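# Summary of the model geometry
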Amino acid sequence: MEQGKKTILSGIQPSGDLTLGSYLGALKSWVELSEEYNCYYMLADLHSITVRQVPADLRRRTLTQVAVYVAAGLDPEKNVLFVQSHVPAHAELAWVLNCYTMFGELSRMTQFKDKSAKNAENINAGLFTYPVLMAADILLYQADLVPVGADQKQHVEICRDIATRFNGIYGDVFRLPEPFIPRSGARIMSLTSPEHKMSKSDTDPNGCVYLLDKPEDIMRKFKKAVTDSDTERCVHYDPAAKPGVANLMTIYSVATGKSLDEIEAEFSGLGYGAFKPRVGEAVVELFRPIREETDRLLQDKAYLEGICRAGAEKASCAAERTLRKVYKKVGFAAR
Ligand code: TRP
């Protein structure tokens, strides 16, 4: 790791295939940040099992997600790409931090309330302590910045609270991280219900565009995207009145680099029939090289496993340093 550079940590759960939302909201900005920062990019598989997974699917998606990270432009030499379960310090620090996190604090987390409502038959303790594991992820690397979507901001805040409490008792052990919501980290909404975030665990496959979707599937989903019944059918940015159109404009803007004004001008007088397939084409072209490179990388499992092994080794080295300090501070006997 280069001296003088700030440290970033972020992660995505391999709990579903990566989507347009994962790419525009996270991966794309991760690539942009990787020049300027020391970056740790994780596959949060420990977090994934808070919701029941099919084991073979989880394993397959994990390796595929590593391939996508690399194909999307994350150079495994410049970034530490690793699988969370490969670095035991995450689970170990999470246990310690559990003892410095209050029941009441965790009960107030909005994601816990949402997920318990959605998984009423499996409200397990892991779902409850999820933010503590996430705090461990961040604090182990003494991260300065944590790029996350707006929905994860509360988790970075509780991480700061836990770190502040721990530091208050034992001195400066943890650096306090800042949430970092990338500008290009636009919130991409579902194509069929634009009032909801596009989610990889979405139940409506038409609402969600996957990074590895075939071009014809991408085109079909965009042609079917919900717009509105505005009789003018005019491409105009108004998220409150026309959330579907605004979402498509955001996608087109991030995919092409054009501003919203330029997009309004480009489609003035053309209506949605012309607009929707153009957005689809832009996304097809954006994803084509990533999909082709992912397919190529997936042919070479040994290479991908090598990336994970090297990443876990580098990550462990940094994580162990923090964990040893914590163990000493809380009074565990030397090993
Ligand atoms: N909870 C995050 C999500 O679902 C994933 C995650 C796990 C994460 N650990 C992290 C993100 C640490 C940032 C930092 O999106």
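Not measured: the values here are computed from a predicted model.

## Looking at the site of the ligand
By nearness alone, 14 residues border the ligand, and Gln13, Tyr130, Met134, Asp137 and Gln152 come closest of all. At a separation of 3.1 Å, an oxygen atom of the ligand approaches a polar side-chain atom of Gln13. In this structure, Gln152 approaches the ligand through a side-chain N or O atom, which is 3.0 Å from a nitrogen atom. Mapped onto the shell around the ligand, the elements with two or more residues apiece are strand S1 (7–12) and helix H7 (125–140). Classifying every residue of the shell around the ligand gives eight nonpolar, five polar and one charged.

## Here we look at unusual backbone geometry
Residue Gln142 is not a glycine yet carries a positive backbone phi of 55 degrees. Assignment of secondary structure puts Gln142 in the loop between H7 and strand S4 (145–147).

## A look at helix H10 (residues 243–256)
Helix length check: H10 (14 residues) gives 20 Å between terminal C-alpha atoms against 20 Å at 1.5 Å per residue, within 8%. Burial of H10 is extensive: twelve of the 14 residues sit out of reach of the surface. Taken residue by residue, H10 has Gly244, Val245, Ala246, Asn247, Leu248, Met249, Thr250, Ile251, Tyr252, Ser253, Val254 and Ala255 as its buried positions. Where H10 is buried, its residues contact helix H1 (20–33), helix H9 (215–223), helix H11 (260–266) and helix H12 (272–298). In the stretch just after H10, Gly257 is the one whose phi turns positive, near 80 degrees.

## Overview of helix H13 (residues 301–330)
The end-to-end C-alpha distance of H13 is 41 Å, a good match for the 44 Å that 30 residues give at a rise of 1.5 Å each. Among the residues trailing H13, Gly331 stands out with phi positive, at a value near 105 degrees.

## Regarding the environment of Pro88
Within the element layout of this structure, Pro88 appears in the loop between strand S3 (79–83) and helix H4 (89–98). In sequence terms Pro88 and Val146 are 58 residues apart; their C-alpha atoms lie 21 Å from each other.

## Thoughts on the domain arrangement of the protein
According to the domain assignment, the protein consists of domain 1 (7–181 + 301–330) and domain 2 (215–295). Look at where the C-alpha atoms of domain 1 and domain 2 centre, and you get two points 32 Å apart. On the domain 1 side of the contact with domain 2, Leu20, Leu24 and Ala71 bury the most area, a combined 57% of that side's loss. At the boundary of domain 1 with domain 2, the tally comes to zero salt bridges. Counting across the interface, domain 1 meets domain 2 through zero residue pairs in polar contact (both at pLDDT 80 or more). Sorting the residues of the side of domain 1 that touches domain 2 by element identifies H1 and helix H3 (55–71) as the ones contributing at least two each. Partitioning the side of domain 1 that touches domain 2 into residue classes produces seven nonpolar, one polar and one charged.

## Things to note about the packing of aromatic side chains
With the rule as written, the count across this model stands at 15 aromatic pairs. Ring plane angle 50 degrees and centroid distance 5.7 Å describe the contact between Phe82 and Tyr141, whose orientation is recorded as tilted. You can see Phe82 sitting in strand S3 and its partner Tyr141 sitting in the loop between H7 and S4, a full 59 residues away along the chain. You'll find Phe82 and Tyr141 in the same group, each marked buried. Pairing Tyr100 with Tyr170 gives two aromatic rings, centres 5.9 Å apart and planes at 70 degrees, and the pair type is edge-to-face.

## Brief notes about the nonpolar core
Membership of the largest hydrophobic core comes to 60 residues, with the highest contact counts inside it found for Leu20, Leu27 and Phe222. Summarising the domain contributions, this core has at least three residues from each of domain 1 (7–181 + 301–330) and domain 2 (215–295). For Leu27, the residues in contact, after removing those within four places along its chain, are Ile12, Leu18, Ser22, Val68, Tyr69, Ala72, Leu74 and Leu211.

## Here's the deal with the pattern of salt bridges
It is possible for side chains of opposite charge to pair when their charged atoms get near one another. This model, assessed by the stated rule, comprises 16 salt bridges. Of the charged contacts in the structure, one is a salt bridge between Glu32 and Lys28, with a shortest N-O distance of 3.6 Å. Here the residue Glu32 and the residue Lys28 both occupy positions in helix H1, the gap between them amounting to four residues, near one helical turn. Among the residues examined, Lys28 registers a relative accessible area of 19% and is labelled buried. The shortest N-O distance in the salt bridge between Glu293 and Arg296 comes to 2.9 Å. With Glu293 and Arg296 both in helix H12, this residue pair falls three residues apart, about one helical turn. Exposure remark for Glu293: the relative accessible area of 26% places this residue in the partly exposed category.

Calculation criteria
Position numbers for residues count from 1 along each chain, tracking the sequence in the order it is written. Predicted model: local features are reported for residues with pLDDT of at least 70 only, side-chain atom pairs are reported and counted for 80 or more only, and whole-chain, interface and lining totals are derived from all residues. With hydrogens and water stripped out, all remaining heavy atoms of the structure feed into the side-chain values. To be near a molecule or strand, a residue needs just one of its heavy atoms within 4 Å of it. Pairs of N or O atoms are called polar contacts if they sit within 3.5 Å, as long as, within protein, a hydrogen donor faces a hydrogen acceptor (for residues adjacent in sequence, only side-chain-to-side-chain pairs). Note on conventions: DSSP H or I runs of at least 4 residues are helices, E runs of at least 2 residues are strands, and numbering of each starts at the N terminus. Three classes are used: nonpolar for Ala, Val, Leu, Ile, Met, Phe, Trp, Tyr, Cys and Pro, charged for Asp, Glu, Lys and Arg, and polar for all others, with Gly counted as polar. A helix's residues, less one, multiplied by 1.5 Å, set its expected span. The buried label goes to any residue with under 20% of its type's maximum accessible area, the exposed label to any with over 50%, and the partly exposed label to all in between, with areas taken from a 1.4 Å probe on protein chains only. Contact between two residues is taken to exist if any of their heavy atoms lie within 4.5 Å; hydrogens are not considered. Where each domain begins and ends follows an automated or database-derived domain assignment. When two parts are brought into contact, each loses some accessible area as probed by a 1.4 Å sphere; the total of that loss over both is the buried area. The term salt bridge refers to a pairing of a side-chain nitrogen on Lys or Arg with a carboxyl oxygen on Asp or Glu at a separation within 4 Å. Aromatic rings from Phe, Tyr and Trp, taking only the six-membered ring of Trp, are treated as a pair when their centres fall within 6.5 Å; an angle between ring planes under 30 degrees marks them as stacked, one over 60 as edge-to-face, and anything in between as tilted. Residue types Ala, Val, Leu, Ile, Met, Phe, Trp, Tyr and Cys, when buried and joined through side-chain atoms within 4.5 Å, form a set referred to as a nonpolar core.

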